[in-house]
Amino acid sequence: MCRAALAERLREERAGRVVLFVINSLDVGGTERHLLMIAPRLAANGFRPVVYTLTRRGNLSSRFEEAGIEVVGSANTSFLDRFSSRIGRVILLSVSMLSLWRLIRRRDPGVVHFFLPASYLAGGLCSLAAGRRAYVMSRRSLNEYQQRHPVLARIEKRLHRRMSAILGNSRAVVRELGEEGVPADRLGLIYNGIDVSAFDRGPARAAARALLGLNETTLVLTVVSNLIPYKGHRDLLDALGRVRGGLSEDWVLLCIGRDDGIGYALRTQAVALGVSPHVRWLGERQDVPEILRARDIGILCSHEEGFSNSILEGMAARLPMIVTDVGGNPEAVLHGVTGLIVPPRDPVSLGNALVELASDSDRRGAMGESGRDRVVREFSLDACINRYERLYLSLCGGKSAPVSEIL
């Protein structure tokens, strides 16, 4: 079959295929940004993606709609303000599950795809009443959260049996899912994908620095992650406090991400360590690629991680990355080639890595170029989208091949 005829047949197979994504909200985060990249591409290829948010629509919902993606939120729950927070959460969950059940019955999607644990638990339970469908779950973190919620962990393991496919975004996550008893034929790996062209647009390095009020000689460190304890910001500040004498006097740390409750404590820590004048808390931003163009070094010092979009974004922006040896981080960063890998919760090793790269601009440049090449070669958005499409078409067609073979 010629290429044109094959492409036309694929368009016909995709046409009208509703894929329902279920997620807690569309606040800015790695998973939400991943979904924002893949949903419009799926729509352009003939699928009909719909996003259902369990709790609130979130700051990114307008960007989905601007891209032509329908976003459906649960019923208006403002009346919950009159209840205690615990009662309100129970009512909200019940209302959201009922709304999701109705949506599934009304739209009859070919695939229902759950992202993140909260949507998997609520949506997975809802699936028990919604009838036979192709259900997919994506886990994008290690399962350390299950230790804090053993009852919910048992429910998750029971829901695994209901899924047609269960995906991890790193080998580390896939390995843990297998240890939880997910059948090998339902288990698959889809790495995050990055549109590298997004990091070629916008101001040049000097202009990006000027927009941020930075000098050409300023050493720019960036960390892109929401302010959550397990993201390791405290370790980073400790490391900077230890090695600030080994850095040039003209350095700045740009912290990009939403404050999930620890911002005040981090600011207090920065003051106590004497690094506060060098730290900028930029909050939640929509212009991350432009900020990264002011590049010198990218950092992700998480205590746990699935497979981080922010690492791939840093590499796409030609940043040498310093990352912790957790989850899928070492699957993205090649130690000594595209960056440095350090132990988690180890400010001493992290500080030493910072000094090592800060003192060698040529090495930073070589690592940055190698990182960019690796993203293009191994973690392209096209490869990611193709795997999702093959899976969805197979599930919609009722095929029963092992998921790993489909992908």
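Our subject is the structure that appears above.
Q: Quick one: what's the story with the layout of surface pockets, residue by residue and with numbers?
A: Considering only enclosed or pocket space, the largest pocket measures out at about 1300 Å³ in volume. Where the lining of the largest pocket is concerned, the elements lending two or more residues are helix H2 (30-44), helix H5 (117-130), helix H6 (145-148), helix H7 (150-159) and helix H13 (309-316). Here the element with the most residues in the lining of the largest pocket is H2; it accounts for four residues. Across the lining of the largest pocket, the residue classes break down as 16 nonpolar, 17 polar and 13 charged.

Q: Explain the sheet that holds strand E7 (residues 187-189) residue by residue, including any values.
A: Picture the strands of a sheet paired through backbone hydrogen bonds; they go either parallel or antiparallel. Strand order across the open sheet formed by seven strands is E3-E2-E1-E4-E5-E6-E7, with parallel pairing between neighbours. Across the chains shown, the open sheet's two edge strands, defined by having one partner strand only, are strand E3 (70-73) and E7. With strand direction ignored, the average angle separating the axes of adjacent strands in the sheet is 25 degrees. As paired elements, strand E5 (residues 134-139) and strand E6 (residues 165-168) share four bridges and run parallel to each other. Pairing of Arg 139 across the sheet is with Gly 168, part of E6. Seen against the sheet, H2 touches strand E1 (18-23), strand E2 (48-53) and strand E4 (111-115) and runs at an angle of roughly 170 degrees to E1. Its contacts with the sheet place H5 against E1, E4, E5 and E6, and it is angled at close to 155 degrees to E4.

Q: Any chance you could break down the pattern of salt bridges for me, citing the residues and the numbers?
A: Throughout the structure, instances matching the rule amount to 21 salt bridges. The salt bridge partner of Asp 260 is Arg 258, with a shortest N-O separation of 2.7 Å. The salt bridge partner of Arg 258 is Glu 284, with a shortest N-O separation of 3.7 Å. In this pair, Arg 258 is assigned in the loop between strand E9 (251-256) and helix H11 (263-273) and Glu 284 in the loop between strand E10 (279-283) and helix H12 (288-292), connecting sequence segments 26 residues apart. On the accessibility criterion, Arg 258 (23% relative accessible area) is partly exposed. The network of salt bridges with common partners includes Arg 205, Arg 209, Glu 216, Asp 296 and Arg 364.

Q: Give me the lowdown on the pairing of E2, citing residues and values where you can.
A: E2 sits mainly inside the fold: five of its six residues count as buried. Sheet topology places E1 next to E2; six bridges connect them, and they run parallel. Residue pairing in the sheet places Ile 23 in a bridge with Thr 53 of E2. A crossover connection joins E1 to the parallel E2 through H2; in handedness this β-α-β unit is right-handed. Inspection of the sheet shows E2 paired to E3 by four bridges, in the parallel sense. From the neighbouring strand, Tyr 52 faces E3, where its bridge partner is Val 72. Crossover E2 to E3 through helix H3 (residues 61-66) is right-handed.

Q: Break down the side chain of Ser 170 for me, citing the residues and quoting the values.
A: Structurally, Ser 170 can be placed in the loop between E6 and helix H8 (171-179). At 3.2 Å, the side chain of Ser 170 forms a polar contact with the backbone oxygen of Gly 306. If we skip the residues at most four places from it in the chain, Ser 170 touches Leu 189, Tyr 191, Gly 306, Phe 307, Gly 328 and Glu 331.

Cut-off values and rules
- Residues numbered from 1 in each chain as written.
- Predicted model: local features only at pLDDT ≥ 70, side-chain atom pairs only at ≥ 80, totals over all residues.
- Heavy atoms only, no water.
- 1 Å grid on protein atoms, 1.4 Å probe; cavity = no way out; pocket = protein on both sides within 12 Å on 5 of 7 lines; lining within 4 Å.
- Points joined across faces, edges and corners; volume = space filled by probe spheres on them.
- Helix = DSSP H or I, 4+ residues; strand = E, 2+ residues; numbered from the N terminus.
- Nonpolar A, V, L, I, M, F, W, Y, C, P; charged D, E, K, R; others polar.
- Pairing = 2+ DSSP bridges.
- Axes fitted to C-alpha atoms, helices over the stretch in contact; angles between N-to-C directions.
- Contact = heavy atoms within 4.5 Å.
- Salt bridge = Lys/Arg side-chain N within 4 Å of Asp/Glu carboxyl O.
- Buried < 20%, exposed > 50% of the residue type's maximum accessible area, 1.4 Å probe, protein only.
- Right-handed = clockwise from strand over helix to strand, strands pointing away.
- Polar contact = N/O pair within 3.5 Å; in protein donor to acceptor, adjacent residues only side chain to side chain.

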